[in-house]
Amino acid sequence: MIEAYGLTKRYGAKTAVYNLSFQVRPGAVTGFLGPNGSGKSTTMRMILGLDAPTSGQVTVGGHAFRGLPNAPRQVGALLDAKAVHGGRSARNHLLSLAQLSGIPARRVDEVLGVVGLQEVGKKRSKGFSLGMGQRLGIAAALLGDPQVLLFDEPVNGLDPEGILWVRNLMKRLASEGRTVFVSSHLMSEMAQTAEHLIVIGRGQLMADMSVTEFIARNSIGFARVRTPDSEPQQREKLVAALHEAGGRTQPEEDGALRVTGLELPRISDLAHGADVRLWELSPHQASLEEAYMRLTQGSVDYRSTTDMRAGLQQPAAAPAMAGAPAMAGAAAPAVPGAAPQQAAVPGMAAAPPMPPGQQAAPAPAHGAAAYPGGPQDAPQPGVPGGGTLQMRAPRPGTNPYAAGTPAAPTAPPAGPAAPGAAEGMPGGSTNEGEDAR
Ligand SMILES: Nc1ncnc2c1ncn2[C@@H]1O[C@H](COP(=O)(O)OP(=O)(O)OP(=O)(O)O)[C@@H](O)[C@H]1O
């Protein structure tokens, strides 16, 4: 079991992790999700004693990592697959780790076999592909046959067969009663691998629940409605009637409307009342990936801007149709799919506020709102700015198409002061224990 209480890490003015409390239990794969820079690696480094918390604490099996007797036999980790001496063969790399921890040499050949590198064990690792490096890192994590395993982005660079292999390996390790904590950006991958999810944004807890619960809360229903393409006034009449009834609409790429906040029979009645003919009225579920993106989009630190090409673009090709407007780079039409997102969704937490003392990320260029889904994605009224925002179960009997009000924040318990863990490199780990990169 891994337990974090009020874990906070600051690097100078940067707060990488803020007041994070969670438990990772044995017997299940726990996915650790969050956008780039949200603090996943920092949290893992603190679990492994590679970084000291600024405040709060984290324990493995009830002990701070540095207090664990023979830690490499109890905890295995893949943090950075590239942190290997490239001049050494895979086998020699593992042998040196094994010797440091009193692990017999035959275990090295066993783990090389488990990760499928037995044929290339004598090759220097500097010639390894990204995927082979990942497999070598996983072999190192398995070396001590530990009860607790941490994997930071283990499927990075793996081909589909490798991804499936990692997925099955994680599940098997958990089914043996081990604690398996895996970070990823990929909700879709985690939905297939993990039983439990911990989602963070800007270093703060956004969701801590089973995958089943996450799916139940976040596979949001919506209706697709289509009016005759050749009669735009029909569509306008319908949109007005839906909005008046409290529904929200969002254009789909194919000209249909995505409607939330109203049930299908009500949409049908409203269309009938407005004398609007419908070509389509169908129920849909938003994907889990979409739900995750919506949950974390307000806490994404790194956003791309439009490529203006500094005036370097080639003249546009002559339009195929007479009278069609020529494309002008900066004035290009909206990209399909870039339509504003629908309104807040039941079970969704707003983006976490910036940790104290932290600068907000620069506003996206070209006048885009700070919350790309529009103002509805900004922290909602009634949600106090401070504290950690948790996801909320929909009330029983609520309209499945209705957007709910966001949850009140639930602050995790503040942990005791950090016990002042010493700096340094624990055995068997693959990362530097420095506070400044
Ligand atoms: N040693 C350090 N010194 C200064 N800032 C750091 C250090 N380590 C991490 N950070 C900052 O802390 C924040 C969290 O980084 P971290 O690597 O933990 O995020 P992450 O969720 O693992 O990101 P990614 O998904 O991109 O790997 C980032 O803004 C990062 O720049």
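What counts and how
- Residues numbered from 1 in each chain as written.
- Predicted model: local features only at pLDDT ≥ 70, side-chain atom pairs only at ≥ 80, totals over all residues.
- Heavy atoms only, no water.
- Buried < 20%, exposed > 50% of the residue type's maximum accessible area, 1.4 Å probe, protein only.
- Helix = DSSP H or I, 4+ residues; strand = E, 2+ residues; numbered from the N terminus.
- Pairing = 2+ DSSP bridges.
- Phe/Tyr/Trp six-rings, centres within 6.5 Å; stacked < 30°, edge-to-face > 60°.
- Axes fitted to C-alpha atoms, helices over the stretch in contact; angles between N-to-C directions.
- Parallel < 35°, antiparallel > 145°, perpendicular 65-115°, else oblique.
- Contact = heavy atoms within 4.5 Å.
- Nonpolar A, V, L, I, M, F, W, Y, C, P; charged D, E, K, R; others polar.

Peer 1: Even after reading the chapter, I still don't get the pairing of strand 9 (residues 204-210), so can you show me in this structure?
Peer 2: For a regular strand, the rule is simple: side chains alternate between the two faces of the sheet. By the criterion of burial, strand 9 is predominantly enclosed, with five of the seven residues buried. Examined bridge by bridge, strand 8 (residues 196-201) and strand 9 share six bridges and lie antiparallel to one another. When the sheet's bridge partners are listed, Val199 is paired in strand 9 with Ala207. Linking strand 8 back to strand 9 in an antiparallel pair, the connection comprises two residues, with Arg202 at a positive phi of about 45 degrees.

Peer 1: In this structure, what is going on with the packing of aromatic side chains? I would like to understand it.
Peer 2: The description of an aromatic ring pair uses the distance of the two centres, along with the angle that the planes make with each other. A complete count under the given rule lists three aromatic pairs for this structure. Geometrically, the ring pair formed by Phe22 and Phe32 is tilted, given 6.1 Å between the ring centres and 45 degrees between the ring planes. Of this pair, Phe22 sits in strand 2 (residues 14-24) while Phe32 sits in strand 3 (residues 28-33), placing them ten residues apart in sequence. By the burial criterion, Phe22 is buried, and Phe32 matches it.

Peer 1: Quick question: what am I supposed to make of the packing of helix 8 (residues 211-218) against helix 11 (residues 288-296) here?
Peer 2: Angle between the axes and distance between the axes are the two parameters that describe a pair of packed helices. At a closest axis distance of 10 Å, the pairing of helix 8 and helix 11 adopts a crossing angle of 85 degrees. Of the possible angle classes, the one that applies to helix 8 and helix 11 is roughly perpendicular. Together, Phe214, Ile215 and Asn218 of helix 8 and Leu288, Ala291, Tyr292 and Leu295 of helix 11 make up the contact between the two elements. Tallied by class, the residues present in the contact of helix 8 with helix 11 amount to six nonpolar, one polar and no charged.

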